[in-house]
Amino acid sequence: MTGPETQVRVADAGFILPGNYPEDAPGIGFEQTLALFERGEELGLQVAGIRQRHLERGVSSALPFLAAASQRTQTIRLETGVVPLGYETPFRLAEDFATVDAISGGRVNAGISTSAPHGDLLAGLGRADQSGEDSYTLIDRFLEALEGRPLADDPIHTPYGPQTPRVQPHIPDLRSRVWLGGGSLRSIRWAASRGLRLLLGNIASADGHDSFEIAQRAHIDEYYSAFQGEAPAVGTERVIVPWDSATTAQREHYVAYAASREERTKSAVNGHLFQRDLVGSSAEIIDRLAADPSFDGKTALRLALPYAFDDDEYRQILDDLRFEVLPALGWTPSLRKESELIR
């Protein structure tokens, strides 16, 4: 348990995963991922997020998934991490986010990015009118749609009578819950200039630094110094794999996984730095997070669950994070009744 002397390094914590599934049985993987969202809420985590993956065996449409998750949970915030705008129509995406937010009771974090992954392969399946417009322009249009400003001075005639022409449903505060996925100085400054919240990953542009942690802390400081708005907020992903309660086979898997990714962390790759995965005992992970300059009591933690792990491994990692790691960092669970929690 957290004592009164414990310094709060992480006040808000959640997880994010891609939603793996077998090639011939996607429903199995989706069901397991929905059950993990339920478990995250039981554990008192503040956020459960889903990645949007294209051309891969992961969730390819985050918002329908979150609509389903909203019916299996009651309190945990639901996050897209992130929807690439390169394939979206701004007003249609705004409609989808608003619809799911209304269904969830106002629990959606709208995570977006400027990217268009696999663009070379998907070009022939995209919109015929796609013109290569700057993706930041698309985000501006998305934000305008969420704001619900009237699109004309005169009302339009509908079966419900005269109505102000704007994106429906209109959720007045959804604009304030938009998070931009970033890692470059341009994206970070752009998010700050628009008053958006900022999601950072385990990759960062070096920008003259030779340490991932130092580069990311500089990015966070840049965001706060440039922020124009009322509620700046930063969340950052960390691949965390505690093995305290893992089986021998699971521990061997985790060690091999970390080793396969270690080489990329030794120097900058194309101007980008990668953070080392946090794989080991809870005590080792606590020490590393306590020394991580990104976590200062304000930055929210997003546990990035590794791709293609088994469901029982995800559950073991989440439970060890919740019971062994987070309490030592000053974190407090969002539990309605502590007595209802079963480990």
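Below is a summary of the structure that appears in this document. (Residues numbered from 1 in each chain as written. Predicted model: local features only at pLDDT ≥ 70, side-chain atom pairs only at ≥ 80, totals over all residues. Heavy atoms only, no water.)

**What about the environment of serine 135?**
Along the polypeptide, serine 135 turns up in helix 5 (residues 135-147). Distance from serine 135 to serine 113, taken between C-alpha atoms, is 8.7 Å for residues 22 residues apart in sequence. (Helix = DSSP H or I, 4+ residues; strand = E, 2+ residues; numbered from the N terminus.)

**Describing the packing of aromatic side chains**
Enumeration according to the criterion identifies 10 aromatic pairs in this entry. Summarising the aromatic geometry, the rings of tyrosine 223 and tyrosine 224 are spaced 5.4 Å apart at their centres and angled 65° between planes, so their arrangement reads as edge-to-face. Under the relative-accessibility criterion, tyrosine 223 is labelled buried at 0%. Judged by its relative accessible area of 22%, tyrosine 224 is partly exposed. It is lysine 298 that lies over the ring of tyrosine 224; its NZ or CZ is 4.1 Å from the centre. In this structure, arginine 302 is placed above the aromatic ring of tryptophan 179, and the distance from its NZ or CZ to the ring centre is 5.5 Å. (Phe/Tyr/Trp six-rings, centres within 6.5 Å; stacked < 30°, edge-to-face > 60°. Buried < 20%, exposed > 50% of the residue type's maximum accessible area, 1.4 Å probe, protein only. Lys NZ or Arg CZ within 6 Å of the ring centre and 35° of its normal.)

**A closer look at the side chain of threonine 73**
Position of threonine 73 relative to the elements: it lies in the loop between helix 2 (62-70) and strand 3 (77-80). For threonine 73, the side chain forms a polar contact with the main-chain oxygen of alanine 69, separated by 2.8 Å. A distance of 2.9 Å separates the side chain of threonine 73 from the side chain of arginine 107, its partner in a polar contact. With residues up to four places along the chain from it excluded, the contact list for threonine 73 reads Phe37, Glu38, Glu41, Leu78 and Arg107. (Polar contact = N/O pair within 3.5 Å; in protein donor to acceptor, adjacent residues only side chain to side chain. Contact = heavy atoms within 4.5 Å.)

**Points about the layout of surface pockets**
One number sums up the size of the largest pocket: a volume of about 990 Å³. Taken together, 37 residues form the lining of the largest pocket, with Arg51, Arg53, Val82, Ile203 and Glu237 sitting closest to its centre. Taken together, the elements giving at least two residues each to the lining of the largest pocket come down to strand 8 (178-182), strand 9 (197-200), strand 10 (203-205), helix 8 (248-262) and strand 13 (272-274). At three residues, strand 10 tops the list of elements feeding residues into the lining of the largest pocket. Its residues assigned to classes, the lining of the largest pocket shows 15 nonpolar, 16 polar and six charged. (1 Å grid on protein atoms, 1.4 Å probe; cavity = no way out; pocket = protein on both sides within 12 Å on 5 of 7 lines; lining within 4 Å. Points joined across faces, edges and corners; volume = space filled by probe spheres on them. Nonpolar A, V, L, I, M, F, W, Y, C, P; charged D, E, K, R; others polar.)

**Focus: unusual backbone geometry**
Backbone geometry follows two general trends: most residues other than glycine have a negative phi, and most peptide bonds adopt the trans configuration. Residue valine 82 is bonded to the preceding glycine 81 through a cis peptide linkage, with omega at 0°. Checked against the element boundaries, valine 82 lands in the loop between strand 3 and strand 4 (83-84). For the bond from glutamine 168 to proline 169, the omega torsion is -5°, close enough to zero to count as cis. One non-glycine residue, leucine 55, lies in the positive phi region at around 65°. By secondary structure assignment, the location of leucine 55 is in the loop between strand 2 (47-50) and helix 2.

**Brief notes about the nonpolar core**
Counting 81 residues, the largest nonpolar core has Phe15, Phe37, Leu45, Phe97 and Phe142 as the members making the most contacts within it. If we ignore the near neighbours within four places in the chain, the residues touching leucine 45 are Ala13, Gly14, Phe15, Gly40, Ile76, Leu318, Leu326 and Trp331. One finds Ala204, Ala206, Phe212 and Leu273 within the second-largest nonpolar core, a separate group that totals five residues. (Core = buried A, V, L, I, M, F, W, Y, C linked by side-chain atoms within 4.5 Å.)

**A word on the pattern of salt bridges**
When their charged atoms lie close together, side chains carrying opposite charge are able to pair. The tally for this structure, following the rule as stated, stands at 25 salt bridges. Among the salt bridges present, the one from aspartate 140 reaches arginine 194, with a minimum N-O distance of 2.9 Å. Residue aspartate 140 is located in helix 5, and its partner arginine 194 is located in the loop between helix 6 (185-193) and strand 9; the two are separated by 54 residues in the primary sequence. Accessibility expressed as a relative area gives 24% for aspartate 140, which makes it partly exposed. Across the salt bridge formed by glutamate 262 and arginine 276, the nearest N and O atoms sit 3.2 Å from each other. With a gap of 14 residues between them, glutamate 262 in helix 8 and arginine 276 in the loop between strand 13 and strand 14 (278-280) connect regions that are remote in the sequence. Classification of glutamate 262 by relative accessible area gives partly exposed; the value is 27%. Through salt bridges with shared partners, a single ionic network connects Asp12, Glu79 and Arg302. (Salt bridge = Lys/Arg side-chain N within 4 Å of Asp/Glu carboxyl O.)

**Considering the side chain of threonine 265**
Within the secondary structure layout, threonine 265 lies in the loop between helix 8 and strand 13. For threonine 265, a relative accessible area of 19% translates into the label buried. Side-chain polar atoms of threonine 265 contact the backbone oxygen of glutamate 262, separated by 2.6 Å. Aside from chain neighbours lying at most four places away, what touches threonine 265 is Phe274, Gln275 and Arg276.

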